[in-house]
Amino acid sequence: MPHNTPDTIIGRQENDPASHDNSPIRVNAHNEWDPLEEVVVGIIDNARFPRKDHVLRTDIALETGQPIHGDIEMPDIPEFVIEETKEDLNIFAGEMEKMGITVHRPDAMDTQRKVASPYWETEQFYNYCPRDVLMTVGDRIIESANIFPSRHFEAYSYRDLLLRCLEGGSRWIAAPKPRLRAVDCNTDSQVKTILNTVDPAFDAANVIKAGKDLFYLISSSGNEAGLKWLRSILRDEYRVHACPGLYTGMHIDTTITLLRPGLVLVNPERVNEDNLPEPLKKWDVIYAPEMEEYAYSNLPPLCSAWLGLNLFMINPGLAVVDAHQKALIKLLEKHKIDVLPLRLRHGSPLGGGFHCVTLDIRRKGGKEDYFK
Ligand code: ARG
């Protein structure tokens, strides 16, 4: 397939009947647990580690000790990993459809086509984690200010969906794109944070929501300026709590997992009584047990062993959890949460579990204050 003709498209084509569905979609998502009605599940088609993304290079350098200069040295993703992940994602999507939940999938993109801005040029990455690029807050759907150049244009894979959300009355907002110049990226391997920029920069997965209260992780994938921007959009309708000093890496959803009103699961290596965000001190806190570690390929992990905390609530009494995490499943059941155990065999090298590969479009229920 040629990569440089502007009209080369992959994914859904015009003659695909699915692309003609432009019926309106209503966005309504206030928290992590209300009964789910409509959701997006990521895809793995065309996934590829972008070799030239200088921000991802720093991330990989910090996590794996790879040299900070030169191209990223990541192996190609083997075909069996792609195939098994397709299978796992389709099973997950199918289970939700059986429950009557509407499931959307992004359009695949041509990841090998180079993308550029005035400041960089790179290949693209994947559409595995809708959670990282889009955020729903009430009736708003927000494109985040992603920190990796290779993910700068990823939200285009959701353009048909976003148009339908707009049609359904949603407020569609895109955060300003950070410049991500070479100087905005730390190249000192002693430094434990990736970006050093004045521009707002955050991945949507740095945020979790509980009605009127949102929690924003200050870390390598979300800076203070990003928090300021989000607050400027949500104004006094929401309290956006800064969560510093918990975890310097990517995303909040292996650190704090909101289960239902009054119950939160936390990462015992990162969270303690002192650094737990103030409002959550009123809730019951359960500390995650040790995680079961496993690998189905030789690919290096792209995340920590704590990916098991990256579970997805279907409703306040039902969680989709990594089937390998027996101790965690037991603990949840003890707290009266049923578990649907499923697999994402390659979640670790691909950098995402069940929360990452989803985006809740609509849940029942409205905006409540859970911390009165
Ligand atoms: N960086 C996290 C960890 O290593 C994994 C976060 C994955 N989340 C996501 N939304 N992609 O624990």
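Residues numbered from 1 in each chain as written. Predicted model: local features only at pLDDT ≥ 70, side-chain atom pairs only at ≥ 80, totals over all residues. Heavy atoms only, no water.

1. As for the overall build of the chain
Link 1 in the chain: On a plain count of helices and strands, the chain comes out with seven helices and 17 strands.
Link 2 in the chain: Across the chain, contacts joining residues at least 24 apart in sequence account for 72% of those joining residues at least 6 apart.
Link 3 in the chain: Carbon and sulfur atoms make up 50% of the accessible area of the chain, which totals about 15600 Å².
Link 4 in the chain: A distance of 4 Å separates the average location of the 42 positive side-chain charges in the chain from that of its 55 negative side-chain charges. (Helix = DSSP H or I, 4+ residues; strand = E, 2+ residues; numbered from the N terminus. Contact = heavy atoms within 4.5 Å. Areas by Shrake-Rupley, 256 points an atom, 1.4 Å probe, with all protein chains shown as cover. Lys, Arg positive; Asp, Glu negative; His and termini not counted. Charge placed at Lys NZ, Arg CZ, Asp CG, Glu CD.)

2. Structural notes on the site of the ligand
Link 1 in the chain: Surveying the vicinity of the ligand reveals 14 residues, the closest of which are Tyr247, Met250, Thr254, Ser304 and Cys356.
Link 2 in the chain: Between a nitrogen atom of the ligand and a side-chain N or O atom of Tyr247, the distance comes to 2.8 Å.
Link 3 in the chain: Within the complex, 97% of the 350 Å² of free accessible area of the ligand lies under protein.
Link 4 in the chain: Across the shell around the ligand, the residue classes break down as six nonpolar, five polar and three charged. (Near = heavy atom within 4 Å. Polar contact = N/O pair within 3.5 Å; in protein donor to acceptor, adjacent residues only side chain to side chain. Nonpolar A, V, L, I, M, F, W, Y, C, P; charged D, E, K, R; others polar.)

3. Regarding the side chain of Glu154
Link 1 in the chain: Among the secondary structure elements, Glu154 is positioned in the loop between strand S6 (140-143) and helix H4 (159-167).
Link 2 in the chain: A relative accessible area of 0% places Glu154 in the buried class.
Link 3 in the chain: Polar contacts involving the side chain of Glu154 include one to the side chain of Arg151, which spans 2.7 Å.
Link 4 in the chain: Not counting the four nearest positions on each side in its chain, Glu154 is found in contact with Met109, Tyr126, Asn127, Cys129 and Val133. (Buried < 20%, exposed > 50% of the residue type's maximum accessible area, 1.4 Å probe, protein only.)

4. Concerning the sheet that holds S6
Link 1 in the chain: If you trace the three strands from one edge of the open sheet to the other, you get S5-S6-S7, paired in mixed fashion. Looking at which strands have only one partner, the edges of the open sheet turn out to be strand S5 (134-137) and strand S7 (171-174). The sheet shows a mean angle of 20° between the axes of neighbouring strands, direction not considered.
Link 2 in the chain: Strands in contact with helix H5 (residues 224-234) are S5, S6 and S7; relative to S6, the strand with the most contacts, it is inclined by about 155°. (Pairing = 2+ DSSP bridges. Axes fitted to C-alpha atoms, helices over the stretch in contact; angles between N-to-C directions.)

Without other data, these values stay purely geometric and don't point to any function.
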